[in-house]
Amino acid sequence: MGTYDIICIGAGPTGLACAIEAKRAGMTPLVIDKGCLCNSIYHYPVNMVFFTTPELLEIGDLPLVSAAEKPVRVEALKYYRKAAEYYGLEVRLFERVLRVDGHDGHFTVVTQTAKGGEERYSSKKISVATGYYDLPNVMDIPGENLPHVSHYYTEPYEFWNEDVVVIGGKNSAAEAALDLYRNGARVTLVHRKAELGSTIKYWVRPDIENRIKASQVKALFETRVKQITGDEVLVENGNGETRLPAKQVFALTGYHPDFTFIESLGVHLDPETRKPALDPNTLESNVPGIHLAGVVIGGRHTSEIFIENGRFHGKQIIESLKA
Ligand SMILES: Cc1cc2nc3c(=O)[nH]c(=O)nc-3n(C[C@H](O)[C@H](O)[C@H](O)COP(=O)(O)OP(=O)(O)OC[C@H]3O[C@@H](n4cnc5c(N)ncnc54)[C@H](O)[C@@H]3O)c2cc1C
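Going along each chain's sequence as written, the residues are numbered from 1 onward. Whole-chain, interface and lining totals are the exception, using all residues; otherwise, since this is a predicted model, local features are given only for residues with pLDDT of at least 70 and side-chain atom pairs are given and counted only at 80 or more. Only heavy atoms go into the side-chain values, all of them from the structure, while hydrogens and water stay out.

With that settled, the discussion passes to the sheet that holds strand β8 (residues 163–167). Paired through backbone hydrogen bonds, the strands of a sheet run either parallel or antiparallel to each other. DSSP bridges decide pairing: two strands pair if at least two such bridges lie between them. Helix and strand assignments follow DSSP, with helices taken as H or I runs no shorter than four residues and strands as E runs no shorter than two, numbered in order from the N terminus. Pairing in this open sheet of five strands is parallel, and the strands run β7-β14-β8-β9-β10 from one edge to the other. The open sheet has two free edges, formed respectively by β7 (149–150) and β10 (218–220), since each of these has just one partner strand. Pairing analysis gives five bridges linking β8 to strand β9 (residues 186–190), with the strands arranged parallel. The partner of D163 across the bridge, within β9, is R186.

Put into structure tokens, the structure is as follows:
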């Protein structure tokens, strides 16, 4: 196997867009992901509806058509798979990138395969688009690792006629609470702030607010979760401590990029925001030849970059390499 022009770490929309731009520029890109194609989107809630209209999710100038006004998870998965096929991208899946050795023009990407073996790939340049969905923001409380506590919402059907506690106050928490309520679960939403997040989808906000007003979804604001046990969640607010029954707990408290991995590449991160040091034009980091793309550029501020804007990072990187 020869040397690739660029290895894109992460096969999310950003990594794929970058590889497509490289291919269009006559380069030989390789995409590597530790999971399946678009592993993050694959693990989103099963019936997730994007807040973005279809054309703003497009990559490689390929049209995305959705049945309704906003695309759903399955449509995005099919679209990005087709985009990878259309451009004949070379992709290695279920291989985790462990480290990157070498220097600009002569990098070696070392991966671990699903069977535990090691693979090595040579590349002149590296693009890192590893997203943020793998690492939840933990509450660091006793019981958080119990089997009935999840940082990922999937489907409601298992929880009919059961008590479910949803922790969080942004989109994911609001949507999970509504979906669970509509499918017969008894839902309590626990949020540490005084009100729901300002970025809640415009069509979700009135729905969740009205369900709370009607006590169909019980909500506790300015409430802190102290502990989770096998069948209860202990919370505390101005009225003291309360024990909420819970067959299942969804702690939807957000996610963050793998800062340890990015630092292991030699990339400097801002001590406060954890934003990587990079040239805003070329997206090249302080390590020559290593570029960053997508949501990782936002550091802790994960709501600054989404597919809508991250999909253009590949073009920026490839333009700079061509120049
Ligand atoms: C529920 C939800 C709804 C959203 N809705 C929208 C929306 O409507 N519109 C919008 O624009 N954005 C939306 N977003 C945000 C958007 O999905 C993310 O910003 C986007 O996926 C980021 O794309 P990415 O390619 O940078 O990262 P990802 O899609 O997360 O891809 C990163 C990939 O890197 C892989 N990876 C990580 N580490 C390694 C490693 N060491 N080795 C190999 N592979 C690795 C992961 O497996 C993953 O496949 C939503 C996010 C969530 C959670």
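Still more to cover.
Assigned domains within the protein chain: domain 1 (3–134 + 255–322) and domain 2 (149–251). Computed from C-alpha atoms alone, the centre-to-centre distance between domain 1 and domain 2 is 32 Å. Across the contact, twelve residues belong to domain 1 and nine residues belong to domain 2. A 1.4 Å probe defines the accessible area here, and the buried area is the portion of it lost by two parts on being joined, summed over both. For the pairing of domain 1 and domain 2, the buried interface totals around 870 Å² over both sides, and the portion due to carbon and sulfur atoms is 49%. Salt bridges are defined by distance alone: a side-chain nitrogen of Lys or Arg within 4 Å of a carboxyl oxygen of Asp or Glu. At the boundary of domain 1 and domain 2, one finds zero salt bridges. N or O atoms closer than or at 3.5 Å make up a polar contact, with two conditions inside protein: a donor-capable atom paired with an acceptor-capable one, and, for residues adjacent in sequence, both atoms drawn from side chains. Applying the counting criterion to the domain 1 and domain 2 interface returns six residue pairs in polar contact (both at pLDDT 80 or more). Of the residues in the side of domain 1 that touches domain 2, the class split is eight nonpolar, one polar and three charged. What marks off one domain from the next here is an automatic or database domain assignment. We call two residues in contact whenever any of their non-hydrogen atoms come within 4.5 Å of each other. Throughout this entry, Asp, Glu, Lys and Arg are counted as charged residues, while Ala, Val, Leu, Ile, Met, Phe, Trp, Tyr, Cys and Pro are counted as nonpolar. The remaining residues, Gly among them, count as polar.

Once that is clear, we can look at the sheet that holds strand β13 (residues 240–245). What the three strands build is an open sheet, ordered β11-β12-β13; its pairing is antiparallel. Edge positions in the open sheet fall to β11 (224–228) and β13, since each of these has one partner strand only. Across this sheet, the average inter-strand angle for adjacent strands is 25°, counted without regard to direction. Where strand β12 (residues 232–237) meets β13, six bridges bridge the pair, whose relative direction is antiparallel. Across the sheet, E236 pairs through a bridge with E241, a residue of β13. Axis lines are fitted to C-alpha atoms, over the contacting stretch for helices. Their N-to-C directions set the angle, which ranges from 0 to 180 degrees.

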